[in-house]
Amino acid sequence: EDQVTQSPEALRLQEGESSSLNCSYTVSGLRGLFWYRQDPGKGPEFLFTLYSAGEEKEKERLKATLTKKESFLHITAPKPEDSATYLCAVQARGNFNKFYFGSGTKLNVKP
Amino acid sequence: DTEVTQTPKHLVMGMTNKKSLKCEQHMGHRAMYWYKQKAKKPPELMFVYSYEKLSINESVPSRFSPECPNSSLLNLHLHALQPEDSALYLCASSQARDRAPDTQYFGPGTRLTVL
């Protein structure tokens, strides 16, 4: 069964304290793994698409990496404005319309 | 431009009302989605339209009725809703790519409250 697990559920960081969020997945043939950022009461904002083990993508203070079983979202020197819920989703081969979402990691960055 | 727009932003309705949510994209995407999201939960897929045809209905109650008038527009008609249907309703779109990763882009959502 296709499944996505994110950890931790919540993460508190001091401004400038780097850390990583984890997304573990079980899927019958990975077609794509996606990271989104969601602010309270708003729609998810697209961050990254990954599909090949060993792939890395960067955007400002964020870097996403992918292995055959998990993905990490590394946050370097975070700022309070990075506080949000980060969602991971996977897409399986043969079922291109459907995303399997993890339950998200709520990040709180304190000044 | 990766913008998906949704109207209205907020909607309050009684259980006997009929209302509609609207979603629009001008990215040339051929797949459009409706999701429901409750507080502190991930989005939950409701419907998928691919090339203007309904391709996925995740066993959604008939009080929710989707419509895709053309490739840019997606509606969700609401009738006789229950208070537990109160949630953030999200629209998304994607290119409908066949083999490559098919990134979904989300709209800002409609906050629905059913009294």
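Before going into details, it helps to say that this report is about the structure given with it. No experiment lies behind these values; they were computed from the predicted model shown.

Conventions and cut-offs
- Sequence order sets the numbering: in each chain, residues are counted from 1 along the sequence as written.
- A letter from A marks each chain and a number from 1 marks each ligand, given out in the order of writing.
- Whole-chain, interface and lining totals are the exception, using all residues; otherwise, since this is a predicted model, local features are given only for residues with pLDDT of at least 70 and side-chain atom pairs are given and counted only at 80 or more.
- Hydrogens are left out, water is left out, and the side-chain values use all remaining heavy atoms of the structure.
- Secondary structure elements follow DSSP: runs of H or I of four or more residues count as helices, runs of E of two or more count as strands, with numbering from the N terminus.
- What the globule rule says is 2.2 Å times the number of residues to the power 0.38, and the radius of gyration is computed from C-alpha atoms.
- Between buried and exposed lies partly exposed: a residue is buried under 20% and exposed over 50% of the maximum accessible area for its type, with that area taken using a 1.4 Å probe on protein chains only.
- A pair of strands counts as paired when DSSP detects no fewer than two bridges linking them.
- Between the N-to-C directions of two axes lies an angle of 0 to 180 degrees, each axis being a line fitted to C-alpha atoms and, for a helix, fitted only over the stretch in contact.
- Note on contacts: a residue pair qualifies if any of its non-hydrogen atoms lie within 4.5 Å across the two residues.
- Throughout, buried area stands for the accessible area (probe radius 1.4 Å) lost by two parts on being put together, summed over both.
- In what follows, salt bridge is the name for a side-chain nitrogen of Lys or Arg lying within 4 Å of a carboxyl oxygen of Asp or Glu.
- Two N or O atoms count as a polar contact when they lie within 3.5 Å, although within protein this holds only if one can serve as hydrogen donor and the other as acceptor, and sequence-adjacent residues are included solely when both atoms are side-chain atoms.
- Classification used: nonpolar for Ala, Val, Leu, Ile, Met, Phe, Trp, Tyr, Cys and Pro, charged for Asp, Glu, Lys and Arg, polar for all others including Gly.

## Examining the overall build of chain B
Okay, so step 1: Within chain B, the regular secondary structure consists of 0 helices and 11 strands.
Okay, so step 2: Helices and strands appear in chain B in the N-to-C order β-β-β-β-β-β-β-β-β-β-β.
Okay, so step 3: Taken over C-alpha atoms, the radius of gyration comes to 14 Å for chain B, in line with the 13 Å a tight globule of 115 residues would show.
Okay, so step 4: When its C-alpha atoms are laid out on the principal axes, chain B stretches across 40 × 25 × 20 Å.
Okay, so step 5: Within the span of chain B, comprising 115 residues, buried residues form 49% of the whole.

## Quick look at the sheet that holds strand 8 (residues 73-79) of chain B
Residue and element names in this part refer to chain B.
Okay, so step 1: Strand order in the open sheet formed by 4 strands is 1-3-8-7, and the pairing between neighbours is antiparallel. The sheet is open, and its two edges are formed by strand 1 (4-7) and strand 7 (64-70), each paired on a single side. Ignoring which end each strand starts from, the neighbouring axes of this sheet average 20° apart.
Okay, so step 2: In the sheet, strand 3 (residues 18-25) pairs with strand 8 via 7 bridges, with the strands oriented antiparallel. Bridge assignment links Lys22 to a residue of strand 8, and that residue is Asn75.

## Thoughts on the interface of chain B and chain A
The extent of an interface is frequently quoted as the accessible surface area lost upon association of the parts.
Okay, so step 1: Facing 28 residues of chain B, the contacting portion of chain A comprises 22 residues.
Okay, so step 2: The contact between chain B and chain A buries some 1,800 Å² in all, and 57% of this surface belongs to carbon and sulfur atoms.
Okay, so step 3: Summed over the three residues of chain B that lose the most area to chain A, namely Pro42, Pro101 and Phe106 of chain B, the buried surface amounts to 26% of that side.
Okay, so step 4: If you look at where chain B meets chain A, you find 1 salt bridge.
Okay, so step 5: For the interface between chain B and chain A, the tally reads 10 residue pairs in polar contact (both at pLDDT 80 or more).
Okay, so step 6: Sorting the residues of the side of chain B that touches chain A by element identifies strand 4 (31-37), strand 5 (44-50), strand 6 (53-57), strand 9 (87-94) and strand 10 (105-106) of chain B as the ones contributing at least two each.
Okay, so step 7: If you tally residues by element for the side of chain B that touches chain A, the top one is strand 4 of chain B, at 4 residues.
Okay, so step 8: Residues that form the side of chain B that touches chain A fall into these classes: 16 nonpolar, 6 polar and 6 charged.

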